[in-house]
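Okay, here's what each chain looks like letter by letter:
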Amino acid sequence: MLRKTFAYLTFALLLSGGLVMAQAPKSNVAAQRATQWKPEKGQYYFSHALTYSFENKEKKTKGEIVIYVDPVTGTMCFKRENSFGDTGKAFDFILAFQDGKYVYYGADESGKKFKMTEKVEELKPDAETIAQQKEDFSTYCIPTGNIRKDFGMESLEYELSYPTSEAKDKLWLTKTPFGINPLYGFDLIDGVPSLPVSFDYTYIFNNNQLLTELNSKGLILKLKSYEPNPFLAVTRGYAEVKAEN
């Protein structure tokens, strides 16, 4: 468990490189990535971002969530100030990979930089799990026939029902060329950081089905934008810390 280790950590990290311009011409995106995506040198360039608005009716909270994306590999980046907030005070950003690996970057109370790695095995399901996922989707996600465009991507509307409840939610899904599981798997990490709303859909959506809108009794969630919003995560100088059980 990572929780015991997290309890001793406080935030002190200022990300080197920081944010660059929020918008960038599409013609420059590939060129920027070619020069700045250098994992072997400790830097990850995220050219795009998914920005969601949410309203939690039960908790009476609302706001936005930003998830930075590298569309080429599907690697994602979550920053404290616009995703997991004070639930992860020790961390400034978390990198999430398609293989289920989450790497936390921060600093301890003395200012010493650290990183911690966690693996969520559920993000690499076996054939039986994938088959069950497909069956559950066809059973509980019924298409309404409505279609629309979301940021150049075709979204389909579904009615989502639940095996243990009479509730039914309306949602929209689109298909992406990169995997979405690093977002859906954030609810499954063992550490304390959490998003203000749940994206725990690994049980029913496949890795290329992106949720673009959800309307339920307690929650309204909508993808406001998917567009160039560059962010450079510099990971050099962080010492690996082993989790304590």
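Above this text is the structure in question.
Please read these numbers as outputs of a predicted model, since none were measured by experiment. (Residues numbered from 1 in each chain as written. Predicted model: local features only at pLDDT ≥ 70, side-chain atom pairs only at ≥ 80, totals over all residues. Heavy atoms only, no water.)

Caption draft 1: Spotlight on the overall build of the chain. When helices and strands are tallied, the chain shows 4 helices and 12 strands. The proportion of buried residues among the 245 residues of the chain is 48%. Restricting the contact set of the chain to residue pairs at least 6 apart, pairs at least 24 apart contribute 60%. For the chain, the exposed surface amounts to about 12400 Å²; the carbon and sulfur share of it is 51%. (Helix = DSSP H or I, 4+ residues; strand = E, 2+ residues; numbered from the N terminus. Buried < 20%, exposed > 50% of the residue type's maximum accessible area, 1.4 Å probe, protein only. Contact = heavy atoms within 4.5 Å. Areas by Shrake-Rupley, 256 points an atom, 1.4 Å probe, with all protein chains shown as cover.)

Caption draft 2: Seen up close, the side chain of Thr-235. Mapped onto the elements, Thr-235 comes out in the loop between β11 (219-234) and β12 (239-240). A relative accessible area of 11% places Thr-235 in the buried class. The residues touching Thr-235, leaving out its near neighbours within four places in the chain, are Gly-42, Gln-43, Tyr-44, Phe-93, Leu-95 and Tyr-105.

Caption draft 3: Summary view of the pattern of salt bridges. Summed over all chains, the structure comprises 8 salt bridges. Its salt-bridge partner being Arg-148, residue Asp-150 comes within 3.1 Å of it at the nearest N-O pair. Here Asp-150 falls in the buried class, since its relative accessible area comes to 8%. A salt bridge links Glu-213 to Lys-222; its shortest N-O distance comes to 3.3 Å. (Salt bridge = Lys/Arg side-chain N within 4 Å of Asp/Glu carboxyl O.)

Caption draft 4: Representation of unusual backbone geometry. Despite not being glycine, Lys-60 shows a phi value in the positive range, around 55°. Structurally, Lys-60 is set in the loop between β1 (43-56) and β2 (61-69). Given a relative accessible area of 76%, Lys-60 falls into the exposed group. Phi angles above zero are rare outside glycine, and Phe-151 is one such case at about 55°. Residue placement: Phe-151 occurs in the loop between β7 (141-150) and β8 (153-162).

Caption draft 5: Representation of the packing of aromatic side chains in the model. Following the criterion strictly, the structure yields 18 aromatic pairs and no others. Aromatic pair Tyr-102 and Phe-186: ring centres 6.3 Å apart, planes at 80°, arrangement edge-to-face. Here the residue Tyr-102 occupies a position in strand β5 (residues 101-107), and Phe-186 occupies one in the loop between α4 (181-184) and β10 (209-215), the gap between them amounting to 84 residues. For the pair Tyr-102 and Phe-186, one class covers both residues: buried. Within the aromatic cluster, the residues linked to one another by ring pairs are Phe-137, Tyr-158, Tyr-184, Tyr-201 and Phe-205. (Phe/Tyr/Trp six-rings, centres within 6.5 Å; stacked < 30°, edge-to-face > 60°.)

Caption draft 6: Examining the side chain of Gln-43 more closely. Structurally, Gln-43 is set in strand β1. Only 2.9 Å separates the side chain of Gln-43 from the backbone oxygen of Gln-36, close enough to count as a polar contact. Separated by 3.3 Å, the side chains of Gln-43 and Arg-236 make a polar contact. Apart from residues no more than four positions distant in its own chain, Gln-43 is found in contact with Thr-35, Gln-36, Trp-37, Lys-38, Leu-232, Ala-233, Val-234, Thr-235 and Arg-236. (Polar contact = N/O pair within 3.5 Å; in protein donor to acceptor, adjacent residues only side chain to side chain.)

Caption draft 7: Spatial organisation of the nonpolar core. Leu-183 and Phe-205 are the most contacted members of the largest nonpolar core, which has 45 residues in total. The element that contributes the greatest number of residues to this core is β11, accounting for 4 residues. When near neighbours in sequence (up to four residues on either side) are disregarded, Leu-183 contacts Tyr-52, Ile-67, Met-76, Phe-78, Leu-195 and Phe-199. In this structure, Ala-49, Tyr-68, Cys-77 and Val-103 belong to the second largest nonpolar core, which totals 18 residues. (Core = buried A, V, L, I, M, F, W, Y, C linked by side-chain atoms within 4.5 Å.)

Caption draft 8: Representation of the layout of surface pockets. What the largest pocket holds in volume is close to 380 Å³. Surrounding the largest pocket, 16 residues form its lining, Tyr-162, Asp-169, Leu-214, Ser-216 and Leu-219 being those nearest its centre. Per-element accounting of the lining of the largest pocket gives the leading share, 3 residues, to strand β9 (residues 165-175). Residue classes in the lining of the largest pocket are distributed as 7 nonpolar, 5 polar and 4 charged. Reported here for the second largest pocket is a volume of approximately 300 Å³. Around the second largest pocket, the lining comprises 18 residues; the ones closest to its centre are Glu-122, Pro-125, Thr-129, Gln-133 and Thr-202. Looking at the lining of the second largest pocket element by element, the count peaks at 5 residues for helix α3 (residues 127-140). (1 Å grid on protein atoms, 1.4 Å probe; cavity = no way out; pocket = protein on both sides within 12 Å on 5 of 7 lines; lining within 4 Å. Points joined across faces, edges and corners; volume = space filled by probe spheres on them. Nonpolar A, V, L, I, M, F, W, Y, C, P; charged D, E, K, R; others polar.)

Caption draft 9: Quick look at the sheet that holds strand β4 (residues 91-96). Reading across the sheet, the 12 strands line up as β7-β8-β9-β10-β11-β1-β2-β3-β4-β5-β6-β12 and stay open at both edges, with mixed pairing between neighbours. A single partner strand is all that each edge strand has here, and the edge strands are β7 and β12. In this sheet, β9 lies alongside β8 in antiparallel orientation, the contact comprising 8 bridges. Paired with Glu-157 across the two strands is Trp-172, which belongs to β9. (Pairing = 2+ DSSP bridges.)

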